[in-house]
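Overview (structure and organization)
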Amino acid sequence: MIKDMLEDNRTVSFEVFPPKKDGEFKSVFELLDTLGKLSPDFISVTYGAGGSRSHKTVEIASYIQNTLGIDAVAHMTCVGSTREDLLSVADSLRENNVTHVLALRGDRPKDMSDEQFAARAFAHASDMIDFLRENTDLYMGGACYPEKHFESFSMESDLNSLKKKQEAGAEYFISQMFFDNDYYYSFLEKADKKGITVPICAGIMPITSAKQLGTTITLSGSSIPKRLSDLVATYGENPEDMRKAGIDYAIRQILDLQENGVNGIHLYTMNRAKMAAEIMAAI
Ligand code: FAD
């Protein structure tokens, strides 16, 4: 079980996403074959917030679990889902021998009206975890935010929400990406004081282009330390140098986290096998 793995070992795991274009879908299996050879402890697969492409997540998770023989964690979101939708995805996962789920609320899809958002079946990830615990035998993890979730007024209120997810049955947490380890250490301390006892995995996203830095800040809200913005200013115009510098930054972050005894590292691979291989070789 992922929880035991995280408690016993210092794990390294990967995140992949289902390619958006159907024509590119097959390439994900080649990617997984390469990632599999790097022997991660588990691989997680993202899920569209609206849930309409959930079958892609299930298909990829099934390949990881059954063909590669590596533990798969299927992300599931509830913002656009009914109870029946979630049970149907849970059944498909079960049929495919996938028992681990990262239970998320998901961001509000652009085409969701205020009324639909207000009337959603599951207000928060903790409600979904509660529901899946009662109605399935899936093992669940949840998301956490070292710099707080953008909708929360304070770290304190976000940690209260995190505690609710733990109480509902989340067995571990995977963190939002962060680029300054001090934020992460401070978060771990606060989570510990709040009574978070389940293992927490550190989410690491290598920044390999100037463009990616912009999108990442918009999507994650994570702070960018001067050291990282300086790298982009220096190497941003030269793609290969920027790639190397970004990977080197992520490696240093990971080595520091490992030295400080974190439970696990979850690498946001962005479906880039070469980058993942370079990082694994260095750590
Ligand atoms: P929640 O835990 O519900 O939290 C959302 C907000 O509500 C927070 O501000 C929280 O403090 C507050 N809150 C929570 N519970 C309560 C409560 N009981 N009472 C009051 N306030 C509460 N998105 C995708 O669409 N697909 C993915 O595959 C995906 N994978 C992700 C993986 C990781 C590791 C992370 C960190 C995020 C991922 N996301 C994904 C993004 C995620 O869906 C968004 O960040 C979303 O906005 C919040 O999801 P959540 O599960 O953290 O929500």
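Shown above is the structure to which this text applies.
The following refers to the structure shown. These figures come from a predicted structure and were not determined experimentally.

So, how was this worked out
Residues numbered from 1 in each chain as written. Predicted model: local features only at pLDDT ≥ 70, side-chain atom pairs only at ≥ 80, totals over all residues. Heavy atoms only, no water. Helix = DSSP H or I, 4+ residues; strand = E, 2+ residues; numbered from the N terminus. Rg over C-alpha atoms; globule rule 2.2 N^0.38 Å. Buried < 20%, exposed > 50% of the residue type's maximum accessible area, 1.4 Å probe, protein only. Pairing = 2+ DSSP bridges. Axes fitted to C-alpha atoms, helices over the stretch in contact; angles between N-to-C directions. Contact = heavy atoms within 4.5 Å. Near = heavy atom within 4 Å. Polar contact = N/O pair within 3.5 Å; in protein donor to acceptor, adjacent residues only side chain to side chain. Areas by Shrake-Rupley, 256 points an atom, 1.4 Å probe, with all protein chains shown as cover. Parallel < 35°, antiparallel > 145°, perpendicular 65-115°, else oblique. Left-handed = near helix turned anticlockwise from the far one by under 90°. Arc of directions from axis to C-beta. Disulfide = S-S within 2.5 Å.

**Points about the overall build of the protein chain**
When you go through the protein chain residue by residue, the secondary structure sums to 12 helices and 8 strands. For 283 residues, the compact-globule estimate of 2.2 N^0.38 gives 19 Å, and the C-alpha radius of gyration of the protein chain, at 18 Å, lies within 12% of that figure. Overall size of the protein chain, expressed as C-alpha extent along the three principal axes, is 50 × 45 × 40 Å. Residues counted as buried form 52% of the 283 residues belonging to the protein chain.

**Things to note about the sheet that holds strand β8 (residues 264-268)**
Pairing is parallel in the closed barrel, where 8 strands are placed in the order β1-β2-β3-β4-β5-β6-β7-β8. Direction aside, neighbouring strands of the sheet carry axes that sit 30° apart on average. In this sheet, strand β4 (residues 100-104) lies alongside strand β3 (residues 71-77) in parallel orientation, the contact comprising 5 bridges. Counted as the bridge partner of M76 is A103 from β4. Against the sheet, helix α4 (residues 83-95) touches β3 and β4, its axis set at about 170° to β3.

**Let's talk about the site of the ligand**
Looking at the ligand, there are 26 residues lining it, with Y47, D107, Y145, D158 and K165 nearest. H75 places a polar side-chain atom, nitrogen or oxygen, 2.9 Å from an oxygen atom of the ligand. Between the ligand and S161 there is a distance of 2.8 Å, counted from an oxygen atom to a side-chain nitrogen or oxygen. Compared with its free state, where it exposes 970 Å², the ligand has 86% of that area covered by protein.

**Digging into the side chain of R105**
Considering the arrangement of structural elements, one finds R105 in the loop between β4 and α5 (114-118). Judged by its relative accessible area of 13%, R105 is buried. Polar contacts involving the side chain of R105 include one to the side chain of E151, which spans 2.7 Å.

**Some remarks on the packing of helix α2 (residues 27-37) against helix α3 (residues 54-67)**
At their nearest, the axes of α2 and α3 sit 11 Å apart, and the two run at 30° to each other. Here α2 lies roughly parallel to α3, going by the angle between them. Classified by chirality, the crossing of α3 by α2 is right-handed. Facing α2, whose interface residues are V28, F29, L32 and D33, α3 presents E59, I60, Y63 and I64.

**Brief notes about α2**
Residues V28, F29, L31, L32, L35 and G36 constitute the buried set of α2. All buried residues of α2 fall inside an arc of 155° around its axis, so they share one side. Facing away from the buried surface of α2 by more than 90 degrees, the exposed residues are E30 and K37. Contacts made by the buried residues of α2 are with β1 (11-16), β2 (42-45), α3 and α12 (273-282). Of the residues trailing α2, S39 is marked for its positive phi of about 55°.

**Examining the state of the cysteines**
Inspection of every chain in the model, using the stated rule, returns 0 disulfides. Of the cysteine sulfurs around C78, a residue in no disulfide, the closest is that of C144, at 17 Å. The class for C78 is buried, based on a relative accessible area of 0%. The cysteine C144 is free of any disulfide, with C201 supplying the nearest cysteine sulfur at 9.0 Å. Looking at C144, the relative accessible area reads 0%, which means it is buried.

In short, the description is geometric, and any link to function would need to be established separately.
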